[in-house]
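The residues making up each chain are set out below.
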Amino acid sequence: MESAQASIDHRITAQLTEILGADAIVSRPTELKVYECDGWTMAKSIPDLLLRPRTTAEVSAVLKLLDRYQIPFVPRGAGTGLSGGCLPLNAPIMICTSRMNHILGIDLANRRIEVESGVVNLNVTNAVKAHGYFYAPDPSSQSACTIGGNIAENSGGPHTLKYGVTTNHVLGLEIVLPDGEIAELGGPLEELCGYDLVGAIVGAEGTAGIVTRATLKLSREPEAHRTMLAVFAEVAAATRAVSAIIAHGIIPGAIEMMDQLIIRAVEDAFKVGLPTDAGAVLIIELDGLAAGMDDQAARVSELVRDSGAREIRLARDERERTMLWKARKRAFGAVGRLAPNYATHDGVVPRTRLPDILQRITAIGARHQLAIGNVFHAGDGNIHPIVLYDERDPGQVGRAIAAGHDILTACLELGGSLTGEHGIGVEKINEMPLLFAPDDLLVMSELRRVFDPDERSNPNKVIPRPGGCVEIKMPRRQANL
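Residues numbered from 1 in each chain as written. Predicted model: local features only at pLDDT ≥ 70, side-chain atom pairs only at ≥ 80, totals over all residues. Heavy atoms only, no water.

Novice: Looking at this structure, how should I read the packing of helix H1 (residues 10-20) against helix H3 (residues 56-69)?
Specialist: To characterise two packed helices, one gives the angle between the axes of the helices and the distance between these axes. Direction vectors running N to C along H1 and H3 enclose 165 degrees, while the axes themselves pass 9 Å from each other. Classified by the angle between their axes, H1 and H3 sit roughly antiparallel to one another. Crossing hand, H1 versus H3: right-handed. Along the contact surface, H1 presents Arg11, Ile12, Gln15, Leu16, Ile19 and Leu20, while H3 presents Glu58, Ala61, Val62, Leu65, Arg68 and Tyr69. Within the contact of H1 with H3, the residues separate by chemical class into eight nonpolar, one polar and three charged. (Axes fitted to C-alpha atoms, helices over the stretch in contact; angles between N-to-C directions. Helix = DSSP H or I, 4+ residues; strand = E, 2+ residues; numbered from the N terminus. Parallel < 35°, antiparallel > 145°, perpendicular 65-115°, else oblique. Left-handed = near helix turned anticlockwise from the far one by under 90°. Contact = heavy atoms within 4.5 Å. Nonpolar A, V, L, I, M, F, W, Y, C, P; charged D, E, K, R; others polar.)

So this is what it looks like as structure tokens:
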């Protein structure tokens, strides 16, 4: 084995060029700057080289070369992640799978589809929509994010309340391990004997290698939908409505919440007819068989009114339903109108503790003198507080970082977790010891080393190293360990 390289020299670049071709390698600093971060912009770091392979065979050849020189690397999909998961920390090579974007096979009889990891999430549904099927995980970034990235972060979306997150829809994987070996995990069947190795990879944030292909489960498009907007004077009443619906045994396809700050931003940006004087709104979508759907919608409306809703609007047709969902999925983009910068967090609490966490978030915002908007998957307690700040003011940056830490700590104190769908990445790695004991973290490290003995695949992510942490002081800089 040849010695490790501190940086990528011309000899290695030449060998990579021979494997991939010159057009698959990005080395100019001005071009690499595009890849300095994902949606978590608090920390940035630029790789020495960006590689864009087209096939599994090319990925394998590249990783064999990097293994020979013991060079760390970081996988990247579309870069829409929100936890710094693809930030290259002590990893000079970034490997982007966006060119691996082919749908390889559709098997409607068995409700499955085989895709390369660079296929955009929404394109999976578009490929089968005409036949009455869809791919259930639907992150807000689904028009851009890729299946490989979804697998890395175990992504969710509004409809995960009923349908589950990515891990519930992945049957099999092809993964290239850090030494270049190509492994097949899982398969076309829903139930297999032995350990769930697919489950170990989904949500591992690229620390086990590079997923190049996946077999996904398709869902049948529901026969009918009823989508409604419930308007509340205050957030507390909206959270009570969520608990009331679930407590009565009704599991909607989705229950999404936006508070007044987000409502105003969305309405100012897109003019979709949201009530800007409301304290909060819920988007509630029922789906299933047409028979009985109206009765179920009437029951939900009754529960929502009893919880304090001042108004309920039922989408009259597909156009109005689409407008409601556009309002929700455009929320993060609309926040750009409120401040020069924002940090989107991702915590989880039991749904019955939603009133408590929102009170805590309000207090945290007041304590750090920062505005915080809330838009989240209310049905499963997955919150997305959005901390507004101006990176030109070092004081605001510091307070934004502290506010994020306080929000995550509050989630844990209320019986929740650090992440529902965005992953740990760089953002939350320092909070992992608040949730897991040292022995727990050690077991996770041992599992990782089964796939990546040298910890070269996306190093310094998810599991904190003893005595090491990611220090974030100012954005627009190289992140340090």
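Novice: Which parts of the structure should I look at to understand the nonpolar core?
Specialist: In this structure, Phe232, Ile255, Leu282, Ile284, Val304 and Ile357 are the most contacted members of the largest nonpolar core, which totals 48 residues. With sequence-adjacent residues up to four places away left out, Val304 is seen in contact with Ala230, Phe232, Ala241, Ile245, Ile284, Ala309 and Ile312. (Core = buried A, V, L, I, M, F, W, Y, C linked by side-chain atoms within 4.5 Å. Buried < 20%, exposed > 50% of the residue type's maximum accessible area, 1.4 Å probe, protein only.)

Novice: What is the right way to read the pattern of salt bridges from this model?
Specialist: When the charged atoms of two side chains lie near each other, side chains of opposite charge can form a pair. Under the definition given, this model contains 29 salt bridges. The salt bridge partner of Glu302 is Arg299, with a shortest N-O separation of 3.2 Å. One end of the pair, Glu302, and the other, Arg299, are both in helix H10 (residues 293-306), three residues apart, so they sit about a helical turn from each other. Exposure remark for Glu302: the relative accessible area of 41% places this residue in the partly exposed category. Arg299 gets classed as partly exposed once you look at its relative accessible area, which sits at 29%. Bridged by salt links that share partners, the residues Glu114, Glu174, Glu184 and Arg213 form one connected network. (Salt bridge = Lys/Arg side-chain N within 4 Å of Asp/Glu carboxyl O.)

Novice: I tried to follow the sheet that holds strand S6 (residues 112-116) on my own but got confused; where do I start?
Specialist: The strands making up a sheet associate through hydrogen bonds between their backbones, and the pairing can be parallel or antiparallel. One open sheet holds the five strands; their spatial order is S5-S6-S10-S8-S9, and the pairing between them is antiparallel. Taken across any chain shown, the strands that pair with only one partner, and hence form the sheet edges, are strand S5 (103-107) and strand S9 (182-186). This sheet shows a mean twist of 10 degrees between the axes of neighbouring strands, independent of strand direction. Note that S6 and strand S10 (residues 210-217) share five bridges and pair antiparallel. Bridge pairing in S10 links Ile113 to Leu216. Packing against the sheet, H3 makes contact with strand S8 (170-176), S9 and S10, and its axis sits at approximately 45 degrees to S8. (Pairing = 2+ DSSP bridges.)

Novice: Got a minute to help me understand unusual backbone geometry in this structure?
Specialist: Positive phi, close to 55 degrees, is recorded for Asn154, a residue that is not glycine. Its location among the elements puts Asn154 in the loop between helix H5 (147-153) and helix H6 (160-163). The residue Glu455 is not glycine, and still its phi comes out positive at about 55 degrees. Secondary-structure assignment places Glu455 in the segment after helix H16 (438-451). Using a relative accessible area of 16% as the deciding quantity, one classes Glu455 as buried.

Novice: Can you help me understand the packing of helix H13 (residues 354-368) against helix H14 (residues 394-413) in this one?
Specialist: Packing of H13 against H14 leaves a shortest axis separation of 10 Å and a crossing angle of 155 degrees. Between H13 and H14, the crossing angle belongs to the class labelled roughly antiparallel. Of the two elements, H13 crosses H14, and the hand of that crossing is right-handed. Two secondary-structure elements touch here, H13 through Ile357, Arg360, Ile361, Ile364, Arg367 and His368 and H14 through Arg399, Ala402, Ala403, Asp406, Ile407, Ala410, Cys411 and Glu413. Each residue belonging to the contact of H13 with H14 can be placed in one class, and the counts come to eight nonpolar, one polar and five charged.

Novice: Just checking my understanding: could you explain the sheet that holds strand S1 (residues 25-26) for this structure?
Specialist: The sheet built from four strands is open, its strands ordered S1-S2-S4-S3 with mixed pairing. Of all strands in the sheet, those bounded by a partner on one side alone are S1 and strand S3 (73-76). Looking at chain direction, S3 and strand S4 (residues 93-96) are connected through four bridges and run parallel. Looking at S4, one finds that Pro75 is bridged to Ile95. H3 rests against strand S2 (49-51), S3 and S4 of the sheet, and its axis sits at about 165 degrees to S4.

Novice: How do you make sense of the environment of Val62 when you look at a structure like this?
Specialist: One can find Val62 in helix H3. Note: C-alpha distance between Val62 and Phe73 (11 residues apart in sequence) is 10 Å. With near-sequence residues (within four places) excluded, Val62 lies in contact with Leu16, Ile19, Leu20, Leu51 and Ile95.

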